[in-house]
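The chain contents come next:
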Amino acid sequence: MTTTPIRGKASSAGPAQQPFSYPLRREFVEPDWRRLPGYKNVTQAEWESSVWQRKHTVKNLKELQAVLGHLLPEDLLASLERDQRERATMSILVPPQMLNTLDETDLWNDPVRRYMLPAFDDRHPEWPNHPKASRDSLHEADMWVVEGLTHRYPTKVLAEMLPTCPQYCGHCTRMDLVGNDVPQVQKHRFNIPQKERYEQMLDYLRRTPTVRDVVVSGGDIANLPIQALEPFVSALLDIPNIRDIRLASKGLMAIPQHFLQDSVLQGLERLAKKANERGVDLALHTHVNNARQLTPLVGKAVRKLLDMGFRDVRNQGVLLRGVNSTPKDLLELCFTLLDHAKILPYYFYMCDMIPNSEHWRLSVAEAQQLQHDIMGYMPGFATPRIVCDVPFVGKRWIHQVADYNRERGISYWTKNYRTGIEGNDPDALSRKYEYFDPIYTLPESGQQWWREQAKAA
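Residues numbered from 1 in each chain as written. Predicted model: local features only at pLDDT ≥ 70, side-chain atom pairs only at ≥ 80, totals over all residues. Heavy atoms only, no water.

Trainee: Mind laying out the overall build of the chain, listing which residues take part and the relevant values?
Mentor: The secondary structure content of the chain amounts to 15 helices and 13 strands. In terms of its C-alpha atoms, the chain occupies a principal-axis envelope of roughly 80 × 60 × 60 Å. Across the 457 residues in the chain, those meeting the buried criterion constitute 56%. Within the chain, residue pairs in contact and separated by at least 24 positions form 76% of the contacts whose partners lie at least 6 positions apart. Carbon and sulfur atoms provide 50% of the accessible area of the chain, an area that totals close to 20,500 Å². (Helix = DSSP H or I, 4+ residues; strand = E, 2+ residues; numbered from the N terminus. Buried < 20%, exposed > 50% of the residue type's maximum accessible area, 1.4 Å probe, protein only. Contact = heavy atoms within 4.5 Å. Areas by Shrake-Rupley, 256 points an atom, 1.4 Å probe, with all protein chains shown as cover.)

Trainee: Talk me through the packing of aromatic side chains; I want residue IDs and the actual numbers.
Mentor: Enumeration according to the criterion identifies 14 aromatic pairs in this entry. Their ring planes at 85° and their centres at 5.7 Å tell us that Phe-436 and Trp-450 sit as a pair that is edge-to-face. Here Phe-436, found in strand E13 (residues 433-436), pairs with Trp-450, found in helix H15 (residues 444-456); they are 14 residues apart in sequence, far enough to count as distant. Across the pair, Trp-450 and Phe-436 agree in class, each one buried. A connected cluster of aromatic rings, assembled from ring pairs, spans Phe-20, Tyr-22, Phe-335 and Tyr-377. A cation over an aromatic ring shows up here: Arg-314 above the ring of Tyr-346, its NZ or CZ 5.8 Å from the ring centre. (Phe/Tyr/Trp six-rings, centres within 6.5 Å; stacked < 30°, edge-to-face > 60°. Lys NZ or Arg CZ within 6 Å of the ring centre and 35° of its normal.)

Trainee: Can you break down the nonpolar core residue by residue, with the values?
Mentor: Counting residues in each nonpolar core, the largest one holds 125 residues, and the members touching the most others are Val-216, Ile-245, Leu-247 and Leu-268. In this structure Leu-268 touches Ile-226, Leu-229, Leu-247, Phe-259, Leu-305, Met-308 and Phe-310, once residues within four positions along its chain are discounted. Met-90, Cys-165, Val-178 and Val-182 belong to the second largest nonpolar core, which has 10 residues in total. (Core = buried A, V, L, I, M, F, W, Y, C linked by side-chain atoms within 4.5 Å.)

Trainee: Any details on the packing of helix H11 (residues 262-278) against helix H12 (residues 296-308)? Residues and values, ideally.
Mentor: Contact pair H11 / H12: the axes reach a minimum separation of 9 Å and the direction vectors enclose 35°. Read as a crossing pair, H11 and H12 show a hand that is right-handed. Across the interface between the two elements, Leu-265, Leu-268, Glu-269, Ala-272 and Asn-276 from H11 touch Lys-304, Leu-305 and Met-308 from H12. For the contact of H11 with H12, a count of residues per class yields 5 nonpolar, 1 polar and 2 charged. (Axes fitted to C-alpha atoms, helices over the stretch in contact; angles between N-to-C directions. Left-handed = near helix turned anticlockwise from the far one by under 90°. Nonpolar A, V, L, I, M, F, W, Y, C, P; charged D, E, K, R; others polar.)

Trainee: Quick rundown of the side chain of Lys-395? Include the residues and the values.
Mentor: Among the structural elements, Lys-395 can be located in strand E10 (residues 394-397). As a buried residue without a salt bridge, Lys-395 has its nearest oppositely charged side chain in Asp-389, at a separation of 5.6 Å. Apart from residues lying up to four places away in sequence, Lys-395 is in contact with Tyr-153, Lys-156, Tyr-347, Tyr-349, Val-387, Cys-388 and Asp-389. (Lys, Arg positive; Asp, Glu negative; His and termini not counted. Salt bridge = Lys/Arg side-chain N within 4 Å of Asp/Glu carboxyl O.)

Trainee: Pulling in residues and values, what's your account of the environment of Arg-87?
Mentor: Within the secondary structure layout, Arg-87 lies in the loop between helix H4 (74-86) and helix H5 (96-99). The spacing of Arg-87 and Ala-119 is 32 residues in sequence and 8.8 Å in space, taken between C-alpha atoms. Setting aside residues no more than four positions away along its own chain, Arg-87 makes contact with Arg-82, Phe-120, Arg-123, Pro-128, Gln-184 and Asn-356.

Trainee: Tell me what's going on with the pattern of salt bridges, and back it up with residues and numbers.
Mentor: Scanning the model with the defined rule gives 32 salt bridges in all. In this structure, the salt-bridge partner of Asp-213 is Arg-246, at a minimum N-O distance of 2.7 Å. Of this pair, Asp-213 sits in strand E4 (residues 213-217) while Arg-246 is found in strand E5 (residues 244-248), placing the two residues 33 residues apart along the sequence. The residues Asp-213 and Arg-246 share a single accessibility class, namely buried. A salt bridge links Asp-238 to Lys-274; the shortest N-O distance between them is 3.0 Å. With a gap of 36 residues between them, Asp-238 in the loop between helix H8 (226-237) and E5 and Lys-274 in helix H11 connect regions that are remote in the sequence. Lys-274 gets classed as buried once you look at its relative accessible area, which sits at 17%. Three or more residues joined by partner-sharing salt bridges are found here, namely Arg-26, Lys-328 and Glu-332.

Shown next as structure tokens:
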């Protein structure tokens, strides 16, 4: 005679062995900046000063050498120099806060170095550049309704407030406009004076009640004085149809000291109070790509924002090979964001198709596998979506692909709305839009096909 187990009784079930192990093992501490030769005499008061951080931001390789000293391998320095001459789309600009998150014992393989300070030898030797890459890969400028205001989605706009950041990243999707000229890229410039541009943006939004959501970005709002940022956002809050405002700043991670200044905190607190009074959700979106970049100073700045009434602080990272392209790296980043910094993992974008970015980019198939591999570990609300930002389409979850030729690495996507650039184009909603995998991830037959296309072009 067999007996039926009674529900709730002890069984052999228990924690199973998992591909990723929680809790996190890395200690959440501010790395000791004094281990770096150039910072050995820097005091804590200096380190936590926004003024000191900006004054000592590294702007060239000579300054990088002064900070890292003997820790910087000679062959890496030579490769960095060649990259600046022949490949880089962004000039060097790295705050001390970011340099302090480098692994100085293995700079060649360090994930932060790989995207903040790209080297020539990092790039793919045959395909550093995809034949379909373009400077403004998402065609944001083509969709400006006034200079700097992109109306791409039906109810959302992007306000590019300024063309500078506290730091420059090698994979910057706005490399067409943002930063200093480099040998490979003569940057475009805003033509309309800043004050007039802002007023034109606000005027368009007052006249366009279909817009409810504004992303205030750049560049980076951390480079916009609070005396300019606050009145613009306050004016947005006065527009009845605006219900969501997102301030975009990688600077929250790269120079958290900026957000801990009294004047900045006071201005943001006034905006948070006004947003709450108007029933508008005010959030901040940041951009962290590797767990090493998160430190207690970042967490301190985030808590200040949440305590003053910001709806959320969310992370929009970018998938980058060698930086966060494994399930382990991605999960460690997400848990560090959530557990220690109180930042919500939100999106991970596929790296955009800008020039010389191929070594960072993943294929659609690789991104789909990553999405699969991170599911089930974090709460649903904190499990990030991996998205492909398809030119002329917009963000699409990685599994929304309509068709996929894996041999040639061409995926096809559809959309359900028209952008301003298309007007009343009757085919816009039935057309399939192309996106391209990195060629070196393709089978040899696919790579050969692309060689023939490039030769014919």
